[in-house]
There are 2 protein chains.
Amino acid sequence: MAVGDVTMPQMHAVKGVKIGSAEAYVRYQNRRDLVIFEFSEGTHVAGVFTQNAFCAAPVHISKAHLEVTNPRYLVINTGNANAGTGKMGMINAQAACAKLAELASVQEVEVLPFSTGVIGEQLPIDRLVTGLQPALDSLKAEAWLDAATGIMTTDTTPKGASEQFELDGVTYSMTGISKGAGMIRPNMATMLSYVATDAPISRDLVQQLLNNAVNVSFNRITVDGDTSTNDSCIFAATGQAGGSEITSQTDARYAVVEDVLTRVMKRLAQLIIRDGEGATKFITIAVEGGGNTQECCDVAYSIAHSPLVKTAIFASDPNWGRILAAIGYAGVPNLDVEHIQVWLGDVQICKDGGAATDYTEEAGAREMSKSEITIRVDLGRGHAQDTVYTCDLSYDYVKINADYRS
Amino acid sequence: MAVGDVTMPQMHAVKGVKIGSAEAYVRYQNRRDLVIFEFSEGTHVAGVFTQNAFCAAPVHISKAHLEVTNPRYLVINTGNANAGTGKMGMINAQAACAKLAELASVQEVEVLPFSTGVIGEQLPIDRLVTGLQPALDSLKAEAWLDAATGIMTTDTTPKGASEQFELDGVTYSMTGISKGAGMIRPNMATMLSYVATDAPISRDLVQQLLNNAVNVSFNRITVDGDTSTNDSCIFAATGQAGGSEITSQTDARYAVVEDVLTRVMKRLAQLIIRDGEGATKFITIAVEGGGNTQECCDVAYSIAHSPLVKTAIFASDPNWGRILAAIGYAGVPNLDVEHIQVWLGDVQICKDGGAATDYTEEAGAREMSKSEITIRVDLGRGHAQDTVYTCDLSYDYVKINADYRS
């Protein structure tokens, strides 16, 4: 069960974006497991991808295609990650692009492939290809919910965010979806996320906006510390709602778009944590007073990845010593613990490196019993800060991952 | 339940070492939770300690005392870690040393304190001190099993190793104990381990032997990646079995002692993994073909810490894609996956970065169903190698750590 509010908002259609889906039986029957995005001509597309050295075949191909063209189509399957599949995996991912290009009368390099699911098994390319024409036949603007549902794996809920905003009297939409619940510690991107707007933005700025937004959203979440082989995040600006193209950061409209995109991507990233495998708590870890951003992140991830902290939070046990231990082994050089303060919600649990004198077990337990928990750490050695989002470690995480392939 | 053979061997008495224990009710009633070691005059003692910045009060004091003296006594309590306890924690640890020194007529700096248990609560020093005289009264040479039992926390079994060896016609004993089951990813030492020999070794060499042995034993195990605040490992050479002192590595006897110590400490370290919290499998991760030792360790720990790999092994599921993913995000620079081979036991699962063509799910499942599993990775980029030991992640790990304080 996802934590907190994960309801889908009204998913505003984005002018210039159409979505189709089909049942291709990649792994399971009777579910839409193949999704296609179509972008209107002239759409500017940017992507960020996993830094896992074992990155999947479709990641290799999407990166290569993005370098030479502005893609017109995305083809996404769930059920099989097409990772660890060697040369045959590359051939299969290319075959999916080639067949879709042929059916849609575009070039093969104008199609980007994406896969998610089990690693190490060959993609059933014949079944996937059979689903392409039905998916194309179903293309329409109002299908974002279908897309969000079609790319799910162990997700328990589809994930979407959508806003409308105005620039110089023109109304634009920004709509996106994401998926992912386990193998989540994105590095440059999440499992899979697609965001589109019909605002007109130059290609360079599309990439820059994406990089900036990813760094404060998908690059700040972790479920289990496992960086996936398939993480991909795509941002597309179709320009189909009109207006002159935004070509510079000094354009006043740039800041508005950046705000909206950051909000949409933070929501999409946090939805992944709220639906983290086995999650019962949504945990915000805010570290301040750091010498630099990196050490704030190191401390935040050290806490976020500690199985002992995660199980204590699952048990609503204010076992704050485990938080101190995780801070202590984060690898921050010359860390002086006597300057460290730690809060659980509004309750100070650690003062100057020791137990806060007015701390009571009851106050700690009250904070820990909430489903949304904030751990705040002040390192007392500078002015840098950063925030990471994670979830707890429950019996169900083990159950889901011990059972996933069956 | 511990994995494999964890039986205590015959624990040979070490001449010059006496052990006492008592019920001090540090946390639980009706258990011996206080252990004292007495070393004969002239014993050479070396220690290695946690690198956690939040290291516990007794770690601070043990390190300080070791720098200025050869300790005569160790005082160890379980039930309370005396970590995250600020100035009061230091005062309490010193009080334990002072009281024992008074009762035993030695200097305070000749006593090293050790604590293990819950972090962040003050040590009940009055109860602890009350137990010192009964513990002293019980001192005897044949009490290694009592000591191993007395220092347990969530351990399900006492852990010991013991050998006898001969140097120049003299028979010596090497006997040690360890404890720890969770918060285990030692960095310089394990939770707590004490090894003693009655061989005569100079103090410099005692420290060097300890450093070398720790690096291939306690520094190569992980249960959950959580480096404790209290890790301490002590090696004492009493010299009480006679013979001339070993003062140089070129002494032929040095190599014999090093062999014995390494074997004893590897056994003590691996016992901690066999008794890892919730462990159902003992996992050896051997990485070879690395450019240097560090990258072999990085890959091995990346696999060893992946919750997805650990849960797959718990489920006996040969989901080897998760192993590839963990190799891929280990951070090895310019890793060329096409040179990577991976074996599960004798079964090659990954050849040149893709699925091994003759791999079958049945062969993988057969290996995974064993209780002792070896994952072997060849990075194909050099001649370095290293090995790390870990266990799986089960429901019981979550249960133990969600319930620990209750």
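The structure presented is a predicted model; accordingly, all values stated were derived computationally and were not measured.

Cut-offs and rules
Residues numbered from 1 in each chain as written. Chains lettered and ligands numbered in written order. Predicted model: local features only at pLDDT ≥ 70, side-chain atom pairs only at ≥ 80, totals over all residues. Heavy atoms only, no water. Buried < 20%, exposed > 50% of the residue type's maximum accessible area, 1.4 Å probe, protein only. Helix = DSSP H or I, 4+ residues; strand = E, 2+ residues; numbered from the N terminus. Pairing = 2+ DSSP bridges. Phe/Tyr/Trp six-rings, centres within 6.5 Å; stacked < 30°, edge-to-face > 60°. Contact = heavy atoms within 4.5 Å. Buried area = accessible area lost by both parts, 1.4 Å probe. Salt bridge = Lys/Arg side-chain N within 4 Å of Asp/Glu carboxyl O. Polar contact = N/O pair within 3.5 Å; in protein donor to acceptor, adjacent residues only side chain to side chain. Axes fitted to C-alpha atoms, helices over the stretch in contact; angles between N-to-C directions. Parallel < 35°, antiparallel > 145°, perpendicular 65-115°, else oblique. Left-handed = near helix turned anticlockwise from the far one by under 90°. Nonpolar A, V, L, I, M, F, W, Y, C, P; charged D, E, K, R; others polar. Domains from an automatic or database assignment. Core = buried A, V, L, I, M, F, W, Y, C linked by side-chain atoms within 4.5 Å.

S.K.: Which parts of the structure should I look at to understand the pairing of strand β1 (residues 17-22) of chain A?
M.R.: Two faces, one strand: in a regular strand the side chains alternate between the faces of the sheet. Residues and elements named next belong to chain A. Among the six residues of β1, five are classified as buried, and the element is accordingly described as predominantly covered. When β1 meets strand β2 (residues 34-39), the two strands line up antiparallel, connected through six bridges. By the bridge assignment, K18 is partnered in β2 with E38.

S.K.: Explain the packing of aromatic side chains here, please?
M.R.: In this description, a pair of aromatic rings is defined by centroid distance and the angle of the planes. Residues and elements named next belong to chain A. Across all of its chains, the model carries 16 aromatic pairs over all chains by this definition. Ring centres 6.3 Å apart and planes at 45° place the aromatic pair F37 and F39 in the tilted group. In this pair, the class of F37 matches that of F39, namely buried. When the ring of F37 is compared with that of W144, the centres are 5.4 Å apart and the planes differ by 70°; the resulting orientation is edge-to-face. Highlighted residues: F37 in strand β2 and W144 in helix α5 (residues 144-150), separated in sequence by 107 residues.

S.K.: How should I be thinking about unusual backbone geometry in this particular structure?
M.R.: One can expect most non-glycine residues to show negative phi and most peptide bonds to be in trans. Residues and elements named next belong to chain A. At S105, a residue that is not glycine, the phi angle is positive and equals roughly 55°. Here S105 is to be found in the loop between α2 (86-104) and β5 (111-118). Residue class for S105 comes out exposed when judged on its relative accessible area of 66%.

S.K.: What am I meant to see in helix α9 (residues 307-314) of chain B here?
M.R.: Given 3.6 residues per helical turn, the α-helix brings residues three or four places apart onto the same face. All names here are of chain B. Here α9 lies mainly inside the structure; seven of its eight residues are buried. Of all the positions in α9, only P307, L308, V309, K310, T311, A312 and I313 are classed as buried. Positive backbone phi, approximately 55°, marks S316, located one or two places after α9.

S.K.: Honestly, the interface of chain A and chain B in this entry has me stumped. Any pointers?
M.R.: How big an interface is tends to be expressed through the accessible area that disappears when the partners come together. On the chain B side, the residues contacting the 50 residues of chain A number 50 residues. Here chain A and chain B share an interface that buries about 4,200 Å² over both sides, 63% of which is from carbon and sulfur atoms. Counting every contact that joins chain A to chain B gives zero salt bridges. Viewed at the interface, chain B and chain A are joined by four residue pairs in polar contact (both at pLDDT 80 or more). Where the side of chain A that touches chain B is concerned, the elements lending two or more residues are α9 (307-314), α10 (321-328), β14 (354-355) and α12 (395-403) of chain A.

S.K.: Which parts of the structure should I look at to understand the packing of helix α6 (residues 203-215) of chain B against helix α7 (residues 252-274) of chain B?
M.R.: The angle between the axes and the distance between the axes are what describe a pair of packed helices. All names here are of chain B. Where α6 contacts α7, the axes come no closer than 9 Å and their chain directions differ by 45°. Judged by the inter-axis angle, α6 sits oblique to α7. Crossing hand, α6 versus α7: right-handed. Here α6 contributes L205, Q208, L209, L210, N212, A213 and V214 to the contact with α7, which in turn contributes Y254, V257, E258, L261, T262 and M265. Across the contact of α6 with α7, the residue classes tally to nine nonpolar, three polar and one charged.

S.K.: Got a minute to help me understand the packing of α12 of chain A against helix α12 (residues 395-403) of chain B in this structure?
M.R.: One way to put it is that α12 of chain A packs onto α12 of chain B with a least axis distance of 8 Å and a crossing angle of 175°. Classed by the angle they form, the pair α12 of chain A and α12 of chain B counts as roughly antiparallel. Here Y395, V398 and K399 of chain A of α12 of chain A lie close against α12 of chain B, whose contacting residues are Y395, V398 and K399 of chain B. Grouping the constituent residues of the contact of α12 of chain A with α12 of chain B by class yields four nonpolar, no polar and two charged.

S.K.: Quick question: what am I supposed to make of the domain arrangement of chain A here?
M.R.: All names here are of chain A. Partitioning chain A into structural domains gives domain 1 (17-274) and domain 2 (282-403). On a C-alpha basis, the centres of domain 1 and domain 2 stand 33 Å from each other. Of the residues lining the interface, 12 residues belong to domain 1; the matching set on domain 2 comes to 16 residues. Carbon and sulfur atoms make up 55% of the surface buried where domain 1 meets domain 2, a total of about 1,300 Å² over both sides. At the surface where domain 1 touches domain 2, the tally comes to two salt bridges.

S.K.: Whenever I open this one, the nonpolar core confuses me. Can you help?
M.R.: Considering soluble globular proteins, one finds that nonpolar side chains tend to be buried as a cluster. Among the nonpolar cores identified, the biggest contains 92 residues, and I201 of chain A together with I201 of chain B are the most heavily contacted of them. Leave out the neighbours within four places in its chain, and I201 of chain A touches H44, V206, L209, F235, A237, E245, I246 and V257 of chain A. Formed by 39 residues, the second largest nonpolar core is a distinct cluster that contains C296, I349, A356 and M368 of chain B.

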